[in-house]
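Understanding the architecture of this molecule
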Amino acid sequence: PVKRPDRIQNQRIELPVYAEEQQIMEAIAQNPVVVLSGETGSGKTTQVPQFLLEAGYGDPDSPNPGMIGITQPRRVAAVSMAHRVAEELGNYGHTVAHQVRFDTTVSDRTRVKFMTEGVLLRELAADLLLAKYSVIIADEAHERSLNTDILLGVLSRVVRLRQKLSAESPDKHRPLKLVIMSATLRVDDFVKNTRLFRVPPPVLSVQARQHPVRVHFNRRTPAPGQHVHEAIQKVAKIHRRLPDGGILVFLTGQAEIAYVCKQLRSLFPSEAERAAAAKAIAAAAAQSRAATSNALEASVEDEDLDFGDADADDFEPGSDAGSGSESEEEDEIIVGGDGDADAEARRVLLQENLRSAPAVGDDACAPLHILPLYSLLPAEQQLKVFAPPPPGSRLCVVATNVAETSITIPGIRYVVDAGLVKEKKYDAQTQVQSFEVGWTSQASASQRMGRAGRTGPGHCYRLFSSAVFNDQFARFSEPEVLRMPIEGVVLQMKAMNLDNVVNFPFPTPPPRDVLEKAERLLTWLGALDDKGRATALGRLMSAFPVAPRFAKMLIVGQQHGCLPYVIAVVAALSVGDPFVKEFHLGEDGAGSDSDNDNDADADAAGAEQPVSNAALTAKEQRRARRRKYWDAQAKLAGAEPTSDLLKWLSAVGTFEYAGGTDAACSEYFVRPKAMGEIRKLRGQLTNIVQLYCPGVDVAMDPRMAPPTRVQQSVLRQIILAGFMDQVAVRGDIAGYHDPDEEEAAARRRGLHAVPYMTMWSDEPVFIHPESVIYIAARSSGSMPQAVVFGELQRTTRLWAKAVTVTSPRW
Ligand code: ADP
Ligand code: MG
């Protein structure tokens, strides 16, 4: 039997889940799938695996010898929860292990295994039956990461399969149990989805006592970047003015957190740090005055350098650091604790007031025990947040949203919430994945608030206004599957050997036809074979955090030293046409340089009678500008233009070569904003390629030489490779025949009227008049047989833009 330390046993008894052990275990025994929802901190993650272990799951001599597997969306939770459960299990601690990518403690004694979702998905690819396990707990299912959704879809099938097999041959197979655990949020997507679970699984909810929390909104929302200083000031005020109790600060990332911890430590040094500082001052006093001042200056520089090191994800503190411009609080509400029993607690909360409470001088303040918490922090440092702070000091944890539901820190009474989250975003426009900071959802803000009311009444300070909360926060975070480009989702699943994507039981299914279309595109790109399975190229592509067509271009781009060009082309394609339009030429700011009227040309005059001198000059200027515009366009298009994208590439190269200034923008009629974005994206893509293609040496060179003829031809092939599905064939070749159209064409005549056919519809498309294709076509007198296009635009008809010929001779 399990022998737990008394201290642990006393803590367990307090947990709401503990009282429900029997009910939970009965539900698991009687149902293949069970949903367990409960307040964060109620004991789900730490206790349910122990219930299962004590009921015999994982015991080689029991009817359920397979391991107990628990999946977590985050590594930090997988590791720290494994530690905790091992500790709680006393003499059985050695049966608990964790496995995250590149780090595992699993041995043949392991019965309880904590892992990330990715680890289990990889195991599924190797053994669809999950024969090693008797039960899987999918924890934190409310987060709805793409991995969670895929995992639940697969597991729903594995459960059925194991049920069937165990009915057929009970001595060879045992059923697999699935427990889905989530915070108290929407579980309907799992429960009411009959494609996922034919029989709706029972939902058990664990009620936890939630103490009242007084929520304080800021009157004003700080400017972007200023939330960091607001957070520091808020913590300082709480620490100086309000009674005991831990402080939990929610920020977005490692760099910010490191900065805030450092600032807080210098405001409120620990006993040890105070002693060290006193010693340093004494030592410094022994030196000469000059030497002392040098030393102080040097130490300031050290600080700055140190901060630069910690700066992992380019965090920059705002400019008016420490200006004391803290936004005042405004709206307040008290959440929870409506019962009479809480009347006293509410009264106490109302008395505690940050504004009116007297501040204690910093020297008289208790020490502040400041700890960071984020995913990449080493495990032993993460675990520090659970230990009681040194006697007489106050705990202050500065965390990412890992502390929102995955990890419950004991003794928190004050929450300071910046309301932000750093999330993986797939930009639908650029089709490139990035991590971006944005407002979190109302649901997640309320989870964060709840952290203040676990052990007693508490306060939540929101560093944003109630108006922003109401108007700009989504109610819930959207499942990741709906935020990613669908070809990316399909490719990722294929790379996991999940081939039947169209019929896959997604908790939130994307439309079927969209999945089918994505699958066809991936086949054309060579990512899937004719049986719909991922090819070697497809697997490589799936690792790239960009849309599959761009991934392919980047992978193929390594030939003939074309990679820097492909990166620039992909960046330009993502941002879109960088050129100022001819019809915008008259407008101010559109690359205008109106002081340039010296070289007014001769043939500009004489065409029409001038009305006045002033009008003449204006007209001449316009003409001159228009001429300059077309000269620049022709120059960038090259001597034998074959591709709008190569013209874009040439614009990027020429512009950067000219110093990337606004003047260069005017000279080449490109939009400064577009050029700035392209430059940024080139940097990002260069990093991505370096990360995912080890051994490839690519750098972003502002003085990139233009591609040679051979490289240009390779680039055209690469563009074709990425846009296989967007080939348009000339109407006469494609057998297109439309008498009306032909009559109309005869009337319009000219090359602009030549129709092209695409694969997706019977509607003809036409090459946009701005395309460089016409320059070449005018001299050859005919239009190319086939082109690929980057995008279609509908006005009176469908226009193909960003066009490249498939073959330079036609
Ligand atoms: P849930 O999964 O329902 O959110 P948990 O099982 O994670 O709840 O947490 C239950 C309790 O165990 C919490 O009060 C938490 O503070 C405590 N706890 C978790 N890990 C540790 C640890 N490493 N040390 C001390 N207490 C811990
Ligand atoms: Mg949990």
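Below or above, wherever it landed, is the structure these notes cover. Just so you know, these numbers come straight off a predicted model, no measurement behind them.

What to know about the pattern of salt bridges
- Enumeration over the complete set of coordinates arrives at 25 salt bridges.
- A salt bridge links E123 to K132; the shortest N-O distance between them is 3.8 Å.
- On the accessibility criterion, E123 (14% relative accessible area) is buried.
- Residue K132 is classed as partly exposed on the basis of its relative accessible area of 46%.
- Where E656 meets R679, a salt bridge forms, and the shortest distance between an N and an O atom there is 3.0 Å. With E656 in helix α25 (residues 644-657) and R679 in helix α27 (residues 672-692), this residue pair connects regions lying 23 residues apart in the sequence.
- Of the residues examined, R679 reaches a relative accessible area of 33% and is grouped as partly exposed.
- Among the charged side chains, a network of salt bridges with common partners joins R7, R12, R84, E87 and E88.

Let's talk about the sheet that holds strand β5 (residues 112-116)
- Overall, mixed pairing links the eight strands, which are arranged β4-β3-β5-β2-β6-β7-β1-β8 in an open sheet. The sheet is open, and its two edges are formed by β4 (103-104) and β8 (203-206), each paired on a single side.
- Pairing between strand β1 (residues 33-38) and β8: four bridges, direction parallel. When the sheet's bridge partners are listed, G38 is paired in β8 with V206.
- The sheet contacts of helix α4 (residues 44-54) involve β1, β2 (67-72), β5, β6 (133-138) and β7 (177-182), and relative to β2 the element is tilted by about 165 degrees.
- Each of β2, β3 (96-100), β5 and β6 is contacted by helix α6 (residues 117-126), which is oriented at about 100 degrees to β5, the strand it contacts most.

Conventions used here
- Residues numbered from 1 in each chain as written.
- Chains lettered and ligands numbered in written order.
- Predicted model: local features only at pLDDT ≥ 70, side-chain atom pairs only at ≥ 80, totals over all residues.
- Heavy atoms only, no water.
- Salt bridge = Lys/Arg side-chain N within 4 Å of Asp/Glu carboxyl O.
- Buried < 20%, exposed > 50% of the residue type's maximum accessible area, 1.4 Å probe, protein only.
- Helix = DSSP H or I, 4+ residues; strand = E, 2+ residues; numbered from the N terminus.
- Pairing = 2+ DSSP bridges.
- Contact = heavy atoms within 4.5 Å.
- Axes fitted to C-alpha atoms, helices over the stretch in contact; angles between N-to-C directions.

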